[in-house]
Amino acid sequence: MTASVLPGSLPVTVVVCAYTERRWHDLTAAIDALGAQSRPPDQVVLVIDHDESLLRRARSTWEPHVEVVGNQASRGLSGARNTGIMAATGALIAFLDDDATPAPDWLEHLTAPFADPRVVAVGGAATPRWDGVRPRWWPAEFDWVVGCTYLGMPPAGGEVRNVHGATMAFRAEVLAEGECFSPLVGRIGAAATGCEETELCIRIRQRRPGARIVFEPRAVVHHRVTRDRARFGYFARRTFAEGRSKATVAGLVGPRDALSTERSYVARTLPAGVAAGLVATLRRGDAFGAARAGAIGFGLASTAAGYAIGHAARLRHRVPATGGNRSRDDGFTPVRLMEVELTDPSTPPPAPGYRRARVLVRRAGRPVGAADVALHDGRISPEDDARIRAEHASTEATSSPTGAARRAAGGPGVTVVVATHDRPRQLQQCLESLLATRYPDLQVIVVDNAPSSSATGDMVRRDYPEVTYVREDVAGLARAHNRGLEHVSTPVVAFTDDDVVVDRDWIGSLAQHFSSERVGCVTGLIWPAELETPGQAMIEAHGGFGKGFTTRAFNLNGSRPDDPLFPYTAGALGSGANMAFRTDVLRSLGGFDPALGAGSAGRGGDDLAAFLDVIEAGYTVVYEPSAIVHHHHRREPGDARSQALNYGIGLAAYLTRAVARRPSRLVTFARLAPRGLVHLVAASPADGPARGARRPHALLPWQLLGVARGPFDYARSVREARRTPSGTVR
């Protein structure tokens, strides 16, 4: 621990995290109040949590006086705060919520206790600033529900177990030693979860027995409480979520420390609150006194129920209730995505709070392999780094020129079509990455497929005037792609999804192969953008979307693979989120089958059918791994099951289409059916990419169910496609 230093002489960084433009006025008030502090901050870092529009607006408004950065970690408050820590230069790092306005002397009082060298963290007081009148039934003992100081905390201040997130500060040296916010707990967006600062403070105290964490009530912020949070429904959701979060914390740090403050709170503070409420009703005629007493009872029961359910889930998955290497979803360990460039000796930046990483290995920008490693304090160990480099030292990376060479050589004009449905926030990230490629002859078309509002169209027209906006009112991915194809005027058309971020050289890597007239289609590598949930891990393990790290060509002549299922295993050639076609070839084949694809009864298979059509027309399909897109897999386990079901339906629908177009194939398919079943099972490996995720074999029954349904769903989809004309272009 450092010697005693007056806190006024220590540089202070204030980190503010924001995730939505709906809080713009609150955020502005917070930033303005920081500029009026009696003890001004030496640095203000504003972290924007994966919202490109808000990031641009914040930078244009406050830079250079405020350092505005995008969240470099996983989405959520823990990741955003850790990004702020990495950008901070102060010896003390304070955190302020984006909807909290600090008093003029907030920072002065918040940093004063650090004069004691034993103090590692300080929490301030948060007073609720209700949009309306404070509900008279709301008990002060539960002001923590809205992120505020509650009745039961020491009124004069003193040592506490943990600080609260709206107003807190830490010594930077403590956070620099790997004690950062765990991504396994904490709020994501407007979710009601929390406890990330509780888990961090307990972990610090466990590893630093002499450390002090104090509460300074004079360090005041006024925390806004919107009307929707003043309702009983939010009270119920938040208390239940707190119980679930506490169960997670108990699994991370042990139940004794996780519940030490709660025991006193339940045994003393809450009974006193119930008694005070009943006395107010019986003696003073305050009818809301009994309501407050009832709310205390309900809040306790709701929190206890959340804890019990969370605890039971841990036991069901055999996750021990102690130790520091536990995780969010019933023992699941999130995986950090990292990259190692073999021509650069430096190691990837640390990922505080993560225990494992999946590493994409590149040589001169080109992917040459992947590795799964354990992290130590969020870092790849020197031994693992050396092993990764040694294993890929002899890998060739010469089959593709660099991005600079491709641009200099002058490739064909390319139009990228992005189909989207009610996901403007994800679409923003996709468009930002596309425009950042700076491909010299690039056009981008957004097809808004059956939108429920004008939000996407308004966003594209306002923020991306260089992008063409087209609307297709009939739902279906194939229809949306065909609508975009109508507006393409370049020799090459590429397709990607709205939930991907493309590599800088993605377009050039695809376009280079069209120098050969016999190439009709090029596909690329789909790498996960995050593996933060069991659902994402299941999807990645269940075959994923990646097709390896070797450039390959497929056709019916000299490049026919030694696979009896070829060309019907078109999924081995690529996926629809990363594909490009020679425009005239795709048009001559009729585009995409509207009876296939997401949004139709066929559920999928539109990309597979297009690949098959290209090969049977005598052209070559090339798989180019240096054409990388980073795909945001669906987050929930239920989403993984739905995706497996839809994949099975789409696969069978695509094969049914092939038989319908050439009935003689039915005999071939019957002969190949056993091999096909083996192929499906082999695509579901026994092990997933992260600990605690359900084994990907669990998705196989859903996929097989989809295969059984596929022919019938395709027949229905064909009938619907014939009855439904395309929508209106706008």
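Notes on the structure follow.

1. Comments concerning the sheet that holds strand E12 (residues 366–376)
Spatially, four strands are ordered E10-E11-E12-E13 in an open sheet, and the strand pairing comes out mixed. This sheet does not close on itself; its edge strands, each paired only once, are strand E10 (335–341) and strand E13 (379–380). Taken together, the eight bridges between strand E11 (residues 356–363) and E12 define a ladder with antiparallel strand orientation. Bridged to Val 361 within E12 is Gly 369. With respect to the sheet, helix H11 (residues 382–391) is in contact with E10, E11, E12 and E13, its orientation differing from that of E12 by roughly 160°.

2. Concerning the nonpolar core
Nonpolar side chains tend toward joint burial in soluble globular proteins. Membership of the largest hydrophobic core comes to 85 residues, with the highest contact counts inside it found for Leu 46, Phe 95, Leu 96, Trp 106, Phe 142 and Phe 170. With residues up to four places along the chain from it excluded, the contact list for Phe 95 reads Val 15, Arg 81, Ile 85, Trp 106, Gly 165, Ala 166, Thr 167, Met 168, Phe 170, Leu 175 and Phe 181. Listed in part, the 47 residues of the second largest apolar core include Val 447, Val 470, Ala 480 and Phe 611.

3. Describing the pairing of strand E9 (residues 212–225)
Here strand E5 (residues 100–102) pairs with E9 via three bridges, running antiparallel. Each bridged residue has a counterpart across the sheet, and for Ala 100 the counterpart in E9 is His 223. For strand E6 (residues 119–130) and E9, the ladder comprises 11 bridges, and the chain directions are parallel. In the strand pairing of E9, Ala 125 is matched with Val 220.

4. Observations concerning the packing of aromatic side chains
As enumerated under the stated definition, the model contains 21 aromatic pairs in all. Measuring from ring centre to ring centre gives 5.4 Å for Phe 95 and Phe 181, while their planes differ by 85°; the resulting arrangement is edge-to-face. With Phe 95 in strand E4 (residues 92–97) and Phe 181 in the loop between helix H5 (172–176) and helix H6 (196–207), this residue pair connects regions lying 86 residues apart in the sequence. Accessibility expressed as a relative area gives 1% for Phe 95, which makes it buried. Look at Phe 142 and Trp 144: their rings are 5.4 Å apart centre to centre, the planes differ by 35°, and that puts the pair in the tilted class.

5. A word on the side chain of Thr 83
Looking at the secondary structure, you find Thr 83 in helix H3 (residues 77–87). Here Thr 83 is in contact with Val 47, Val 69, Gly 70, Asn 71, Gln 72 and Ala 73, once residues within four sequence places are set aside.

6. A short note on unusual backbone geometry
Glycine aside, residues mostly have negative phi, and peptide bonds are mostly found in the trans state. Of the consecutive residues Glu 63 and Pro 64, the connecting peptide bond is found in the cis state with omega at 10°. One can find Pro 64 in the loop between helix H2 (52–62) and strand E3 (67–70). In this model, Phe 566 is joined to Pro 567 through a cis peptide bond whose omega is 10°. Mapped onto the secondary structure, Pro 567 falls in the loop between strand E20 (552–554) and strand E21 (578–582).

7. Remarks on the pattern of salt bridges
By the definition in use, this model includes 45 salt bridges. Notably, a salt bridge pairs Arg 203 with Glu 199, separated by 2.8 Å at the nearest N-O pair. You can see Arg 203 and its partner Glu 199 sitting in helix H6, four residues apart, about one turn around the helix. Using a relative accessible area of 2% as the deciding quantity, one classes Glu 199 as buried. Close ionic contact of Asp 713 with Arg 709 constitutes a salt bridge, the shortest N to O distance being 3.1 Å. Remark: Arg 709 and Asp 713 occur in helix H22 (residues 700–723); sequence separation between them is four residues, near one turn of the helix. Given the relative accessible area of 8%, Asp 713 is considered buried. Linked by salt bridges that have partners in common, Asp 116, Arg 118, Glu 159, Arg 205 and Arg 212 make up one network.

8. As for the packing of helix H1 (residues 24–34) against H2
Running from N to C, H1 and H2 point in directions that differ by 35°, and their axes come no closer than 13 Å. Judged by the twist between their axes, the crossing of H1 over H2 is right-handed. Residue-level inspection shows Trp 24, Leu 27, Thr 28 and Ile 31 of H1 in contact with H2, the latter providing Leu 54, Arg 57, Ala 58, Thr 61 and Trp 62. A breakdown of the residues in the contact of H1 with H2 according to their chemical character gives six nonpolar, two polar and one charged.

9. Focus on H11
Those residues of H11 lying buried are Asp 384, Asp 385, Ile 388 and Arg 389. With its buried residues spanning 135° around the axis, H11 presents them on a single face. Turned more than 90 degrees away from the buried face of H11, the exposed residues are Pro 382, Glu 383 and Ala 390. Tucked into the core, H11 has its buried residues touching E10, E11, E12 and E13.

The rules we used
Per chain, the residues get numbers from 1 upward, laid out in the order the sequence is written. Predicted model: local features are reported for residues with pLDDT of at least 70 only, side-chain atom pairs are reported and counted for 80 or more only, and whole-chain, interface and lining totals are derived from all residues. For side-chain calculations, the full set of non-hydrogen atoms in the structure is used, while hydrogens and water are omitted. Strands were regarded as paired on the criterion that DSSP finds at least two bridges between them. Under the DSSP-based scheme used, a helix requires at least four consecutive residues in state H or I and a strand at least two consecutive residues in state E, with every element numbered from the N terminus. What makes two residues a contact is simply this: any of their non-hydrogen atoms within 4.5 Å. Axis lines are fitted through C-alpha atoms, for helices just across the contact stretch, and the angle between N-to-C directions can take any value from 0 to 180 degrees. Here, the term nonpolar core denotes a set of buried Ala, Val, Leu, Ile, Met, Phe, Trp, Tyr and Cys residues that are joined through side-chain atoms within 4.5 Å. Only protein chains enter the accessibility calculation, which uses a 1.4 Å probe. A residue is then buried if its area is under 20% of the maximum for its type, exposed if over 50%, and partly exposed in between. Note on aromatic contacts: the rings of Phe and Tyr and the six-membered ring of Trp form a pair at centre separations within 6.5 Å, being stacked when their planes are under 30 degrees apart, edge-to-face when over 60 apart, and tilted otherwise. What makes a salt bridge here is a side-chain nitrogen of Lys or Arg within 4 Å of a carboxyl oxygen of Asp or Glu, nothing more. For any helix crossing, the convention is left-handed if the near helix is rotated counterclockwise from the far helix by under a right angle, and right-handed if that rotation is clockwise. Residue type decides the class: Asp, Glu, Lys and Arg count as charged, Ala, Val, Leu, Ile, Met, Phe, Trp, Tyr, Cys and Pro as nonpolar, and the leftover types, Gly among them, as polar. As used here, the arc is the angular range of directions from the helix axis to the C-beta atoms.

Note that every value here comes from positions in space, so none of it alone points to a role or purpose.
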